[in-house]
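Structural description and commentary
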Amino acid sequence: MTLDSKTPSGPLAEKWDRHRFESRLVNPANRRKFSVIVVGTGLAGASAASSLGELGYNVRSFCIHDSPRRAHSIAAQGGINAAKNYQNDGDSIQRLFYDTIKGGDYRSREANVFRLAQLSVNIIDQCVAQGVPFAREYGGLLDNRSFGGAQVSRTFYARGQTGQQLLLGAYQSMMRQADREMLDLVILNGQARGIVCRNLTTGELERHVAHAVLLCTGGYGTAYYLSTNAVNSNVTAAWRAHKRGAFFANPCYTQIHPTCIPVSGTHQSKLTLMSESLRNDGRVWVPKKAGDTRPPQQIPDGERDYYLERKYPSFGNLVPRDVASRNAKVVCDEGRGVGDSGLAVYLDFTDAIKRLGRDVIRMRYSNLFDMYKKITDEDPYQVPMRIYPAIHYTMGGLWVDYNLMSNLPGLHVLGEANFSDHGANRLGASALMQGLCDGYFVIPYTLAHYIAGSTFPAISADDDAFKEAQSAVQARIDTLLAVKGTETPRQLHRRLGQLLWDNVGMSRNERSLRHALEEIPRLRDEFWQNVSVPGEPNNLNKNLEYAGRVADYLEFAEVLTLDALHRKESCGGHFREESQTSEGEALRDDANFSYVAAWEFKGLGREPALHKEPLEFEYVHPSQRSYK
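Since we're looking at a predicted model, the values are computed, not measured. (Residues numbered from 1 in each chain as written. Predicted model: local features only at pLDDT ≥ 70, side-chain atom pairs only at ≥ 80, totals over all residues. Heavy atoms only, no water.)

Focus on the sheet that holds strand 12 (residues 304–305)
The five strands are arranged 10-14-13-11-12 in an open sheet whose pairing can be described as antiparallel. The open sheet has two edge strands with one neighbour each: strand 10 (254–260) and strand 12. Pairing of strand 10 with strand 14 (residues 385–394), which is carried by four bridges, proceeds in the antiparallel orientation. Each bridged residue has a counterpart across the sheet, and for Ile-256 the counterpart in strand 14 is Ile-391. (Pairing = 2+ DSSP bridges. Helix = DSSP H or I, 4+ residues; strand = E, 2+ residues; numbered from the N terminus.)

Here it is as structure tokens:
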């Protein structure tokens, strides 16, 4: 089966405007007749819910947190991209489009990426109107800084709190349903018509009916256990939709972020991200000699290897994330890593402080420096930061067409939960851009087009499809509580995460991937035979919530690894050791893998079916990426 992306015809720069004009509309008076469920209240969900609510739709928004302000979107600290070219340094919509396609290693859909670049300029205006306090220059203009993978300054920021400020702007008019977790999707008459969720306070299972369902539930990086994601981030909503028929696209495309505080022990439940914005002024280096354990201040400049500046003179410390991460692993594998574990490199601000002064650095990064000191008890004004790559964003997600609709009619997927815009590697400061673009500027048009062109037979929450979905959810809960084993969900999750990190992490090979595929089912069987979930189902039970998510990770991990095994090329953050250049760079195989791999669920323990969406590049021709 070849997937139809429903990409409009015509010149690239005209596709979205033409599509908006040709899309059906819903009369303002009729919008209140239609109900829309929005699952997730990060930037994509909050912006979609607020936009659709303002338009007059009957919107119900579901959040697993006690407040939408806990969404992981707040952790995107460094900024948001937009092609406004305030710096007059050569930026444009075309350049942002090109940088995003290239940064994603030519594995994303051209039309979606160009639309993202086009709408980026509107996002900034929308957020400024909402009162987001973006940094400004002395003359009052909005300030910009650089980010990895670009040679221009296009990243708008609010100190080191950009994601938090953007989310505050989006969610204020949107708060509806808190403390609910979606546990199943209901398909009726071939359409997504509702969800079954659990009230996390009372334990009650609820059925909710709508004309369309929007999944805005973020990524699945926490499958690796230790990641930069909020610990409540999970794959459950997307995975349950996948088991109901939604295709999962490119699940192996996980991003490794190069600027993370290194692992310090098994006591950790997550890792802390230090914003990529720090690479604007910080210099990355390790000692030239393996085994050099001297404090950094005692290592002369001539005995330091500023390896990113040495290998990539054009981009230096601002190479894309996958390149920076892979190179950090290489120098640490050579025995030149720093710190007690040897799994870290220095991010040094000494030169920047000498050049700009301590006050300027404090103005730009003070909250990040303060956070680092609180966690490590080291002062980055005096001692270089130690950083190491960690699991971060996920480029894979549920497959969607140009209208952000999955292969299941009525199920739309926004933000990080879909696969659409970032290919095999996301450029920094583009996650915020995509989430707000999808919610504010795309879904209001494409949802109206779907509703206006569809018929909706009358249904109720008492229909058999809703009863069956609730029964399946209840049976899974009952099984979890009945096991009465000896291992906690956290212990089993940690083991799964280590298995994935070691075998499906920064570098992968056929042997390691096959080993993971052998071990994941064994660990899954052990989970269902020996997991310990205390408590009752009909009240607040954090153990039960967590166990259900770990159970989904143990199913999802198999398709993630299978996707990595099938893609026998190095591409973005997916580095196959068998496919690299003579200089150790990622080597794509465009002849055989220039497509989106979308997997169809065929049952647990059965190999999923592979569907392909060919990627055609009319405006940007794939070439070997080079940041030298």
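Having put the structure on the table, let's press on.
Some thoughts on the nonpolar core
Core analysis: the largest hydrophobic core is formed by 175 residues, its most contacted members being Leu-214, Leu-215 and Leu-411. Of all the elements, helix 16 (residues 542–566) adds the most residues to this core, at 14 residues. Discounting residues that sit within four places of it in the chain, Leu-411 has contacts with Leu-185, Ala-192, Val-213, Leu-215, Ala-241, Ala-246, Leu-404, Met-405 and Ser-406. Listed in part, the six residues of the second largest apolar core include Trp-285, Ile-299, Val-338 and Ala-344. (Core = buried A, V, L, I, M, F, W, Y, C linked by side-chain atoms within 4.5 Å. Buried < 20%, exposed > 50% of the residue type's maximum accessible area, 1.4 Å probe, protein only. Contact = heavy atoms within 4.5 Å.)

Some words on the side chain of Gln-434
Tracing the chain through its elements places Gln-434 in helix 12 (residues 431–452). A distance of 3.1 Å separates a polar atom in the side chain of Gln-434 from a polar atom in the side chain of Asn-418. When neighbours within four sequence positions are excluded, Gln-434 is seen to be in contact with Leu-116, Tyr-393, Gly-415, Glu-416, Asn-418, Ser-420, Asp-421 and His-422. (Polar contact = N/O pair within 3.5 Å; in protein donor to acceptor, adjacent residues only side chain to side chain.)

Notes on the packing of aromatic side chains
Under the criterion given, the structure shown has 23 aromatic pairs. When the centroid spacing of 6.2 Å and the interplanar angle of 65 degrees are considered together, the rings of Phe-134 and Phe-156 count as edge-to-face. Residue Phe-134 is found in the loop between helix 5 (110–129) and strand 4 (155–156), and its partner Phe-156 is found in strand 4; the two are separated by 22 residues along the sequence. Using a relative accessible area of 1% as the deciding quantity, one classes Phe-156 as buried. Following the ring pairs from residue to residue traces out a cluster consisting of Tyr-220, Trp-239, Phe-248, Phe-556 and Phe-601. Over the face of the ring belonging to Tyr-627 we find Lys-102, whose NZ or CZ atom lies 4.5 Å from the ring centre. Its guanidinium or amino end placed over the ring of Tyr-595, Arg-567 lies 5.3 Å from that ring's centre, counting from NZ or CZ. (Phe/Tyr/Trp six-rings, centres within 6.5 Å; stacked < 30°, edge-to-face > 60°. Lys NZ or Arg CZ within 6 Å of the ring centre and 35° of its normal.)

Remarks on helix 1 (residues 15–22)
Inspection of helix 1 places Lys-15, Trp-16 and His-19 among the buried residues, and these make up the whole buried set. Along the long axis of helix 1, the arc covered by the buried residues comes to 90 degrees, so they all point the same way. For helix 1, the secondary structure elements touched by its buried residues are helix 5 and helix 12. (Arc of directions from axis to C-beta.)

Let's talk about helix 13 (residues 464–482)
Along its 19 residues, helix 13 runs 26 Å from first to last C-alpha, staying within 8% of the 27 Å computed at 1.5 Å per residue. Packed against the buried residues of helix 13 are strand 5 (180–188), strand 6 (191–199), strand 7 (205–209), helix 7 (236–243), helix 15 (510–530) and helix 16. Lys-484, located one to two residues past helix 13, shows a positive phi value of around 55 degrees. (Expected span 1.5 Å × (residues − 1).)

Let's talk about the pattern of salt bridges
Counting across every chain of the model gives 46 salt bridges. Here Glu-276 makes a salt bridge to Arg-279, at a shortest N to O gap of 3.2 Å. For Arg-279, a relative accessible area of 2% corresponds to the buried category. A salt bridge links Glu-545 to Lys-542, with the nearest nitrogen and oxygen atoms 3.6 Å apart. Of this pair, Glu-545 and Lys-542 both sit in helix 16, three residues apart, which is roughly one turn of that helix. (Salt bridge = Lys/Arg side-chain N within 4 Å of Asp/Glu carboxyl O.)

Overview of the sheet that holds strand 1 (residues 35–39)
The parallel open sheet is built from four strands, whose spatial order is 2-1-8-16. Bordering the open sheet on either side are strand 2 (58–62) and strand 16 (411–413), each of which pairs with just one other strand. Each neighbouring strand pair of the sheet contributes to a mean axis angle of 20 degrees, computed without reference to strand direction. Bridging between strand 1 and strand 2 involves five bridges; their strand directions are parallel. Its bridge partner being in strand 2, Val-38 is matched across the sheet by Ser-61. Contacts between helix 3 (residues 43–55) and the sheet are confined to strand 1, strand 2 and strand 8 (212–215), with strand 2 contributing the most and set at about 160 degrees to the helix. (Axes fitted to C-alpha atoms, helices over the stretch in contact; angles between N-to-C directions.)

Concerning the packing of helix 5 against helix 12
Where helix 5 contacts helix 12, the axes come no closer than 9 Å and their chain directions differ by 85 degrees. Judged on the interaxial angle alone, helix 12 and helix 5 are roughly perpendicular. Residues Arg-115, Leu-116, Leu-119, Ser-120, Asn-122, Ile-123, Gln-126 and Cys-127 of helix 5 touch helix 12, and the partners they reach there are Met-433, Gln-434, Leu-436, Cys-437, Tyr-440, Phe-441 and Val-442. (Parallel < 35°, antiparallel > 145°, perpendicular 65-115°, else oblique.)

Examining the side chain of Arg-588
You can see Arg-588 is positioned in the loop between helix 16 and helix 17 (590–593). Reaching out from Arg-588, the side chain makes a polar contact with the side chain of Asp-105 at a distance of 2.8 Å. When sequence neighbours within four positions are dropped, the list of residues in contact with Arg-588 reads Asp-105, Tyr-106, Arg-107, Glu-569, Ser-570, Cys-571, Pro-622, Ser-623, Gln-624 and Arg-625.

What about the environment of Gly-140?
Along the chain, the position of Gly-140 falls in the loop between helix 5 and strand 4. Note: C-alpha distance between Gly-140 and Asn-85 (55 residues apart in sequence) is 16 Å.

Let's talk about the packing of helix 14 (residues 489–503) against helix 16
As a packed pair, helix 14 and helix 16 sit with axes 9 Å apart at the nearest point and diverge in direction by 20 degrees. Judged by the inter-axis angle, helix 14 sits roughly parallel to helix 16. Crossing angle aside, the handedness with which helix 14 passes helix 16 is left-handed. Listed contacts from helix 16 to Pro-489, Arg-490, His-493, Leu-496 and Leu-500 of helix 14 are Asn-543, Tyr-546, Ala-547, Val-550, Tyr-553, Leu-554, Ala-557 and Thr-561. Taken together, the residues of the contact of helix 14 with helix 16 sort by class into nine nonpolar, three polar and one charged. (Left-handed = near helix turned anticlockwise from the far one by under 90°. Nonpolar A, V, L, I, M, F, W, Y, C, P; charged D, E, K, R; others polar.)

Bear in mind that shape data such as this cannot, by itself, settle questions of function.
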